[in-house]
Each structure stands twice: as structure tokens, then as C-alpha cells.
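These are the residues of each chain, in order.
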Amino acid sequence: MNTRYLIALLALAGTSAFAQTPAPTPGTNTPRIDQREARQQARIAQGAASGSLTPKETQRLEKEQARIDKVETQAKADGQVTARERAKLTAMQDGASRDIHRKKHNARVAGNGG
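Parameters at a glance
Residues numbered from 1 in each chain as written. Predicted model: local features only at pLDDT ≥ 70, side-chain atom pairs only at ≥ 80, totals over all residues. Heavy atoms only, no water. Helix = DSSP H or I, 4+ residues; strand = E, 2+ residues; numbered from the N terminus. Contact = heavy atoms within 4.5 Å. Axes fitted to C-alpha atoms, helices over the stretch in contact; angles between N-to-C directions. Parallel < 35°, antiparallel > 145°, perpendicular 65-115°, else oblique. Left-handed = near helix turned anticlockwise from the far one by under 90°. Nonpolar A, V, L, I, M, F, W, Y, C, P; charged D, E, K, R; others polar. Patch = residues over 30% accessible without salt bridge, like charges linked within 9 Å, V, L, I, M, F, W, Y side chains within 5 Å. Areas by Shrake-Rupley, 256 points an atom, 1.4 Å probe, with all protein chains shown as cover. Salt bridge = Lys/Arg side-chain N within 4 Å of Asp/Glu carboxyl O. Lys, Arg positive; Asp, Glu negative; His and termini not counted. Charge placed at Lys NZ, Arg CZ, Asp CG, Glu CD. Buried < 20%, exposed > 50% of the residue type's maximum accessible area, 1.4 Å probe, protein only.

## Some words on the environment of arginine 102
Looking at the element boundaries, arginine 102 is found in helix H4 (residues 83-104). Taking the C-alpha atoms as reference, arginine 102 lies 9.9 Å from leucine 53; in sequence the two are 49 residues apart.

Okay, here's the thing in C-alpha cells:
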């Protein structure tokens, strides 16, 4: 019974937080960048869960994602994401994607001296 109540409460909290998020300014809309960021986060989470990423590798990849997010926030700060800023974000995401692939497919596994 308590579990159902907790799940319902979390669901309500999630929808109310979503409803309060302000709509992005038209010039700052970056759906492709946001979708790619979400996919990369999922890849990192999957690698951490499967053990193909060590805790240290996971931490470094998460920091890289945070840097990309910070650059995106700075690009949106003036109300317009320029083509140059989008290109920079795309290049950063390309590098992060390569890093995720390399880290997930190297010989290191979680619990093996990371």
C-alpha cells in the first residue's frame, strides 16, 4: 500500500515539475542536441549497469556530459543559439560519443581495478 502511494506521489511530482518548466525561447530551441544528450546519458547508464564502464570511466563521461550541458546553457543565455554554437555543441557531442564507445569497449570492466 505504501509503495503505491509513493509511486503515485512521485508521478504527480514529476508531472507538476514538467508543467512548471518554462517554454524555451524560439531561438534557443535545441531538440536534436537535447535528444542526443539523452541518448548518450542512457548509453552511459547502460554501460555502468552492465559493468562495461568502471566507476571512474562513468564519472569522467558524466563530467564530459556536464561540460556539454554547461556550454549549451551558455549558448542559450543570450536568447539565440547561433549556427556556430550549434556546430560547437555537435562537435562536443561527437567527441563524447566516441569517448563513450571507447570506454565501453576497452578491456576494463567494473570490479577489475578500474
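## Things to note about the side chain of glutamine 65
Position of glutamine 65 among the secondary structure elements: in helix H3 (residues 55-76). Residues within four places of glutamine 65 in sequence aside, it is in contact with Glu37, Gln40, Gln41, Ile44, Ala96 and Ile100.

## What about the packing of helix H2 (residues 31-50) against H4?
It is the contact of H2 with H4, at a shortest axis distance of 11 Å, that shows an interaxial angle of 15 degrees. As the angle between them shows, H2 and H4 are arranged roughly parallel. Note that H2 runs across H4; the crossing there is left-handed. On H4, the residues touching Ile33, Arg36, Glu37, Gln40, Arg43, Ile44, Gln46 and Gly47 of H2 are Arg86, Leu89, Thr90, Gln93, Asp94, Ala96, Ser97, Ile100, His101 and Lys104. Partitioning the contact of H2 with H4 into residue classes produces five nonpolar, seven polar and six charged.

## Some thoughts on a positive patch on the surface
Among the surface-exposed residues, Lys56, Arg60, Lys63 and Arg67 lie close enough to one another that they form a single positively charged patch. For lysine 56, the position within the fold is in helix H3. The class of lysine 56 is partly exposed, set by a relative accessible area of 46%.

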